[in-house]
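What follows is the residue order along each chain.
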Amino acid sequence: MSDADVPPAMMDTQLNSWLLFAHAERHHGEVEIVSRLVSGEVHRYTYADYSRRTRQLMNALDGLGLAAGAPVATLAWNHHRHLECYFGIPCTGRLLHTLNVRLSPAELAYIIQDAGDRAILADPDMLPLLEQVRDHGGLAGVEHIVVLAADVPDTSLDGVVAYEQLLAVQPTDYAERDIPESTPLGLCYTSGTTGRPKGVVYTHRSTFLHALAVTSAAAMSIGPSDCTLPLVPMFHAMAWGMPQAALAVGAKQVFAAGPLDAAAVARLIADEAVTVGAGVPTVWLGLADALAALESRPVALRHLICGGAQPPRTLIERYLREFGVPVLQAWGMTETSPLASVAWPRHAHRDLPEAEVLTRARTQAGLPIPGVDLSVRDENGVEVPADGETMGDLHVRGPWVAASYFKNAEPDKFDGGWFRTGDVAISATNGYFVIADRTKDLIKSGGEWISSVDMEAQIMAMPQVFEAAVIAMPDPRWQERPLAAIVPNPGETVTLEQVHAHLAAQGWVRWQFPDRIEVIEQVPRTSVGKFDKKALRARFAAPPAPATAT
Ligand code: ADP
């Protein structure tokens with residue numbers, strides 16, 4: 001037999017959205033999807049209802065006459081209609097572009113124009129924002145605006161149609177499409193903590209593989225017995241892949257629309273028996289009091305995935321002690337779909353003393369999930385030793401890691417099959433790694449490096465401190481020196497001397513101490529809830545204030 005006659009050993013199934021969507025439709029029809037809407041109303045339906053409506057959406061999109069592959073944007077909170085868009089848009093072969101509702105009109109205008117969006121599906125409370133986007137020239141080329149509601153509210157935007165009216169007249173059947181797995185599925189812009197937003201394109205294949213990886217017990221550990229609650233917005237890196245992962249395995253899904261309403265979300269967690277949640281540290285911090293105020297402990301909750309920034313130790317401690325819930329640190333970026341690692345303890349760690357468990361949980365960004373490869377390198381691109389001490393630039397590769405940016409922006413970040421993350425990391429001998437800082441946030445003092453993240457964590461451990469952010473200030477002698485912006489707990493004061501004494505007690509040495517502290521009311525946040533160090537740097541670029549403040 002010649003090679004040509006040998007049949008393929010395995011089926012060449014294309015890894016696309018249909019494979020997940022049709023599977024869920026066929027096998028998980030009775031499972032619930034529950035959304036708490038901005039109005040406070042709780043909407044509830046099943047995967048069977050979901051798939052009928054999503055097929056109606058697919059027909060509606062075809063009816064709008066949008067070209068194959070056209071970018072279709074969403075500007076929406078977390079809810080069932082957004083989930084319909086998550087599959088409805090890609091299953092027609094079009095590109096799902098999730099817009100961040102917290103961006104300014106000018107930023108949104110830039111991103112919509114850069115992406116070339118042809119249609120926007122927006123929540124009703126987003127129409128005033130879209131009116132401003134229009135005034136910034138952001139709607140040029142946008143042919144359709146669909147409001148994700150039953151009716152069109154008052155607006156000065158032209159030709160807006162209501163989602164429910166659009167869907168109501170559509171058939172619930174839609175012929176499956178053979179979408180090649182390399183077809184673009186989604187477009188997300190990085191939130192631009194550092195520099196101008198850049199687009200990242202996810203393919204059907206990368207999204208499928210990422211969804212399966214997310215379900216795994218090495219990642220979010222989601223199965224049919226689970227009920228998921230992504231508190232990370234669906235407009236931010238696809239809610240970390242949690243909705244697709246939950247759909248893949250037929251997990252019950254719960255969504256909470258709108259800005260965080262802690263009491264309502266805590267109720268939802270209890271009433272719907274949520275088992276796994278995902279969100280940034282600020283969200284879990286904001287929710288803790290409301291969870292504590294529930295009449296009983298949220299016993300169904302198994303674990304929380306906490307990523308996007310290093311969680312403070314107090315947060316991990318509180319969830320573990322008060323609610324018996326482990327907070328698992330995860331690391332990733334928009335460019336990595338985003339999930340790349342989760343800090344699950346190993347079997348050998350099961351009997352560690354609590355103090356060590358907490359330290360590991362705070363510091364370790366995790367073990368890479370299957371398929372993801374990490375490499376920590378020096379400035380010459382040579383891998384540094386995994387000794388738990390040496391810092392280097394974190395590089396990453398894998399089937400759901402970007403190989404380029406949309407429109408080939410910043411090609412120098414993609415280097416010999418690796419993506420240069422811009423994070424500074426330390427690898428340990430045991431396979432875990434630690435995010436020491438972002439390259440741009442690391443403080444270079446007299447040729448030595450100081451980690452702002454480490455210093456923040458230490459200062460936040462002071463009893464009188466609620467929050468702290470450390471930034472680099474230009475310095476004529478040392479190049480850069482640390483400044484700590486501190487939010488004290490109510491009624492407390494903090495002095496520079498106290499900070500120094502605390503750091504000294506933790507083993508820090510004099511040259512690493514901050515030269516200056518600033519007491520502030522709150523740490524500014526980016527659109528996704530991370531410390532906005534760009535804003536802090538701009539605020540404190542002025543000459544130093546007196547060293548001691550209250
Ligand atoms: P942006 O770059 O706008 O913040 P991303 O959401 O893509 O948008 O953020 C990715 C960045 O978030 C990473 O490069 C890293 O600096 C930070 N990050 C993510 N997870 C962690 C973590 N567990 N610890 C520290 N930093 C993290």
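Residues numbered from 1 in each chain as written. Predicted model: local features only at pLDDT ≥ 70, side-chain atom pairs only at ≥ 80, totals over all residues. Heavy atoms only, no water.

1. Structural notes on the overall build of the protein
Across its full length, the protein holds 15 helices and 26 strands. Computed over C-alpha atoms, the radius of gyration of the protein comes to 24 Å, within 12% of the 24 Å expected from 2.2 N^0.38 for 550 residues, which places it in the range of a compact globule. Across its three principal directions, the C-alpha atoms of the protein cover 70 × 70 × 50 Å. Counting over 550 residues, the protein shows a buried share of 57%. A separation of at least 24 residues holds for 68% of the contacts in the protein among residues at least 6 apart in sequence. Accessible area for the protein stands at about 22,600 Å²; split by element, carbon and sulfur atoms hold 53% of it. Between the mean site of the 44 positive side-chain charges and the mean site of the 63 negative ones, the protein shows a separation of 2 Å. (Helix = DSSP H or I, 4+ residues; strand = E, 2+ residues; numbered from the N terminus. Rg over C-alpha atoms; globule rule 2.2 N^0.38 Å. Buried < 20%, exposed > 50% of the residue type's maximum accessible area, 1.4 Å probe, protein only. Contact = heavy atoms within 4.5 Å. Areas by Shrake-Rupley, 256 points an atom, 1.4 Å probe, with all protein chains shown as cover. Lys, Arg positive; Asp, Glu negative; His and termini not counted. Charge placed at Lys NZ, Arg CZ, Asp CG, Glu CD.)

2. Regarding empty space enclosed by the protein
Across all of its chains, the model carries four cavities of 30 Å³ or more by this definition. The volume enclosed by the largest cavity comes to roughly 130 Å³. Around the largest cavity sit 15 residues that line it, and Thr98, Asn100, Leu103, Tyr189 and Phe235 are the ones nearest its centre. Looking at the lining of the largest cavity, the elements that each hand over two or more residues are strand 4 (95-98) and strand 8 (184-189). (1 Å grid on protein atoms, 1.4 Å probe; cavity = no way out; pocket = protein on both sides within 12 Å on 5 of 7 lines; lining within 4 Å. Points joined across faces, edges and corners; volume = space filled by probe spheres on them.)

3. Regarding the pairing of strand 26 (residues 516-519)
Pairing of strand 25 (residues 479-488) with strand 26 involves four bridges; the strand directions are parallel. Within strand 26, the position partnered with alanine 485 by the bridge is glutamate 518. Crossover strand 25 to strand 26 through helix 14 (residues 496-505) is right-handed. (Pairing = 2+ DSSP bridges. Right-handed = clockwise from strand over helix to strand, strands pointing away.)

4. Focus on helix 14
In an α-helix, one turn spans 3.6 residues, which is why side chains three or four residues apart end up on the same side. The complete set of buried residues in helix 14 reads Leu496, Val499, His500, His502 and Leu503. Buried residues in helix 14, looked at end-on, bunch into an arc of 165 degrees, giving them a common side. In helix 14, the exposed positions angled more than 90 degrees off the buried face are occupied by Ala501 and Ala505. In the core, the buried residues of helix 14 are packed alongside helix 13 (452-460), strand 25 and strand 26. (Arc of directions from axis to C-beta.)

5. Let's talk about the layout of surface pockets
By rolling a water-sized probe across the atoms, one finds the places where empty space is left. Approximately 470 Å³ is the volume found for the second largest pocket. Lining the second largest pocket are 25 residues; nearest its centre among them are Arg102, Leu231, Pro259, Leu260 and Val283. For the lining of the second largest pocket, the secondary structure elements donating two or more residues are helix 9 (262-271) and helix 10 (281-292).

6. Regarding the pattern of salt bridges
In total, this model carries 33 salt bridges according to the counting rule given. Across the salt bridge formed by arginine 36 and aspartate 261, the nearest N and O atoms sit 4.0 Å from each other. With a gap of 225 residues between them, arginine 36 in strand 1 (residues 32-36) and aspartate 261 in the loop between strand 11 (252-256) and helix 9 connect regions that are remote in the sequence. Overall, arginine 36 belongs to the buried group, its relative accessible area being 19%. A salt bridge links glutamate 164 to arginine 53; the nearest nitrogen and oxygen atoms lie 2.9 Å apart. Note that glutamate 164 is positioned in helix 6 (residues 163-168) and arginine 53 in helix 2 (residues 47-63), a separation of 111 residues in sequence. The residues glutamate 164 and arginine 53 share a single accessibility class, namely buried. Several salt bridges converge on common partners, so that one network encompasses Glu32, Arg44, Lys252 and Glu272. (Salt bridge = Lys/Arg side-chain N within 4 Å of Asp/Glu carboxyl O.)

7. Structural notes on the pairing of strand 24 (residues 465-475)
A large share of strand 24 lies buried, amounting to nine of its eleven residues. The sheet contact formed by strand 24 and strand 25 spans ten bridges and is antiparallel. Bridge pairing in strand 25 links isoleucine 471 to leucine 483.

8. As for the packing of aromatic side chains
The final tally for this structure, using the stated rule, is twelve aromatic pairs. A centroid spacing of 6.4 Å and a plane angle of 80 degrees characterise the contact between tryptophan 284 and tyrosine 319, whose relative ring orientation is edge-to-face. With tryptophan 284 in helix 10 and tyrosine 319 in helix 11 (residues 313-323), the pair connects residues that are 35 residues apart, well separated along the chain. Taken individually, tryptophan 284 and tyrosine 319 each receive the classification buried, so the pair is uniform in this respect. Geometry around tryptophan 418 places arginine 377 over its ring, the cationic atom sitting 4.7 Å from the centre. (Phe/Tyr/Trp six-rings, centres within 6.5 Å; stacked < 30°, edge-to-face > 60°. Lys NZ or Arg CZ within 6 Å of the ring centre and 35° of its normal.)

9. Some words on the nonpolar core
Core analysis: the largest hydrophobic core is formed by 118 residues, its most contacted members being Leu121, Met220, Leu287, Ile305, Tyr319 and Trp331. Residues contacting methionine 220, with those up to four places away along its chain left out, are Val214, Trp240, Met242, Val276, Ala278, His303, Ile305 and Leu339. By size, the runner-up hydrophobic cluster in this structure holds 31 residues, among which are Ala73, Leu139, Ala149 and Leu157. (Core = buried A, V, L, I, M, F, W, Y, C linked by side-chain atoms within 4.5 Å.)

10. Examining the environment of arginine 302
Checked against the element boundaries, arginine 302 lands in the loop between helix 10 and strand 13 (303-307). Measuring from C-alpha to C-alpha, the distance between arginine 302 and tyrosine 405 comes to 36 Å, with 103 residues separating the pair along the chain. Reaching out from arginine 302, the side chain makes a polar contact with the side chain of aspartate 226 at a distance of 3.0 Å. (Polar contact = N/O pair within 3.5 Å; in protein donor to acceptor, adjacent residues only side chain to side chain.)

11. Quick notes on the sheet that holds strand 5 (residues 119-122)
In any sheet, the strands associate via hydrogen bonds between backbone groups, in a parallel or an antiparallel arrangement. Strands sit in the order 7-6-5-3-4-8-9 across an open sheet of seven strands; the sheet is mixed. With one partner strand each, in any of the chains shown, strand 7 (161-162) and strand 9 (199-203) form the two edges of the open sheet. Note that strand 6 (residues 144-147) and strand 7 share two bridges and pair parallel. Considered in strand 7, the bridge of valine 147 is made with alanine 162. Lying on the sheet, helix 3 (residues 80-91) is in contact with strand 3 (71-75), strand 4, strand 5 and strand 8; it crosses strand 4 at an angle near 145 degrees. Relative to the sheet, helix 4 (residues 105-115) contacts strand 3, strand 4, strand 5 and strand 8, its axis offset from that of strand 8 by approximately 155 degrees. (Axes fitted to C-alpha atoms, helices over the stretch in contact; angles between N-to-C directions.)

12. Re the packing of helix 7 (residues 204-215) against helix 8 (residues 242-249)
Between helix 7 and helix 8, whose axes approach to 8 Å, the crossing angle comes to 75 degrees. With respect to helix 8, the element helix 7 is oriented roughly perpendicular. Packed against helix 7, whose contacting residues are Thr207, Ala211, Leu212, Val214 and Thr215, the element helix 8 presents Gln244, Ala245, Ala248 and Val249 at the interface. In the contact of helix 7 with helix 8, the residues fall into six nonpolar, three polar and no charged. (Parallel < 35°, antiparallel > 145°, perpendicular 65-115°, else oblique. Nonpolar A, V, L, I, M, F, W, Y, C, P; charged D, E, K, R; others polar.)

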